[in-house]
Amino acid sequence: VQLQASGGGLVQAGGYLRLSCVASGRTFSNYALAWFRHSPGKEREFVATISRSGYNSYYTDSVKGRFTITRDNARNTVYLQMNSLKPEDTAIYYCAAAAAYDDGTYSHRDHYSFWGQGTQVTVSS
């Protein structure tokens, strides 16, 4: 499956952005989806994941209550709504897809075989 992420940009602290990731090439609803991020000097880290149906989701602690992951299987798109942004959210954000045989969520990057190209999010203080 091919993934194309968009929606990044420059925003002030406290602001918001919505990232989108459009998939093509395979049956979208067969995949669990996730967002990861990578900032300089750090490992690529898990941000949020959503199950095949969209019913289940899971977040890293630092974004709980601020970020929301959703998916639209009819549009082959996964979203990450990011509110109350902080400078420490600055990173390149990547969407990822994992073939799934249940409606679970997966937070480890080794589960994910398909990755988008990344979109830069910069939060100024």
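Described below are features of the structure shown in this document. (Residues numbered from 1 in each chain as written. Predicted model: local features only at pLDDT ≥ 70, side-chain atom pairs only at ≥ 80, totals over all residues. Heavy atoms only, no water.)

As a further point, take the overall build of the protein. Along the protein, the regular secondary structure elements total zero helices and eleven strands. The linear arrangement of helices and strands in the protein, starting from the amino end, is β-β-β-β-β-β-β-β-β-β-β. In terms of overall dimensions, the protein is globule-like: its C-alpha atoms have a radius of gyration of 13 Å, near the 14 Å expected for 125 residues. The principal-axis extent of the C-alpha atoms belonging to the protein is close to 40 × 25 × 25 Å. A buried classification covers 44% of the 125 residues belonging to the protein. In the protein, 61% of the contacts between residues at least 6 apart in sequence involve partners at least 24 apart. Summed over its atoms, the accessible surface of the protein is roughly 6400 Å², and 46% of this surface lies on carbon and sulfur atoms. (Helix = DSSP H or I, 4+ residues; strand = E, 2+ residues; numbered from the N terminus. Rg over C-alpha atoms; globule rule 2.2 N^0.38 Å. Buried < 20%, exposed > 50% of the residue type's maximum accessible area, 1.4 Å probe, protein only. Contact = heavy atoms within 4.5 Å. Areas by Shrake-Rupley, 256 points an atom, 1.4 Å probe, with all protein chains shown as cover.)

Going through the model one piece at a time under the given rule, you end up with six salt bridges. Between R109 and E43 there is a salt bridge whose closest N-O contact spans 3.3 Å. Of this pair, R109 sits in the loop between strand 9 (91–99) and strand 10 (114–115) while E43 sits in the loop between strand 4 (31–38) and strand 5 (45–50), and the two are 66 residues apart along the sequence. A residue is classified by how much of its surface remains accessible, and R109, at 34% relative accessible area, is partly exposed. Overall, E43 belongs to the exposed group, its relative accessible area being 60%. Across the pair D72 and R75 runs a salt bridge, and its minimum N-O distance is 3.3 Å. (Salt bridge = Lys/Arg side-chain N within 4 Å of Asp/Glu carboxyl O.)

Relative to the assigned elements, S20 resides in strand 3 (residues 17–24). Note on S20: relative accessible area 15%, which makes it buried. Excluding residues that lie within four positions of it along the chain, S20 makes contacts with Q4, A5, S6, W35, T77, V78 and Y79.

This part is about the pairing of strand 9. Summarising burial for strand 9: seven of the nine residues are buried, a large majority. As paired elements, strand 4 and strand 9 share eight bridges and run antiparallel to each other. Note that in strand 9 the partner of F36 across the bridge is Y94. Pairing of strand 9 with strand 11 (residues 119–124) involves three bridges; the strand directions are antiparallel. The residue bridging A91 from the neighbouring strand is V121, located in strand 11. Across two bridges, strand 9 lies against strand 10 in antiparallel orientation. (Pairing = 2+ DSSP bridges.)

Within the secondary structure layout, S39 lies in the loop between strand 4 and strand 5. Relative accessible area serves as the criterion here: at 14%, S39 is assigned to the buried category. Spatially, the C-alpha atoms of S39 and S62 are 15 Å apart, while their sequence positions differ by 23 residues. Residues in contact with S39, not counting those within four places in the same chain, are T90 and A91.

By themselves, these are just geometric observations and shouldn't be taken as functional.
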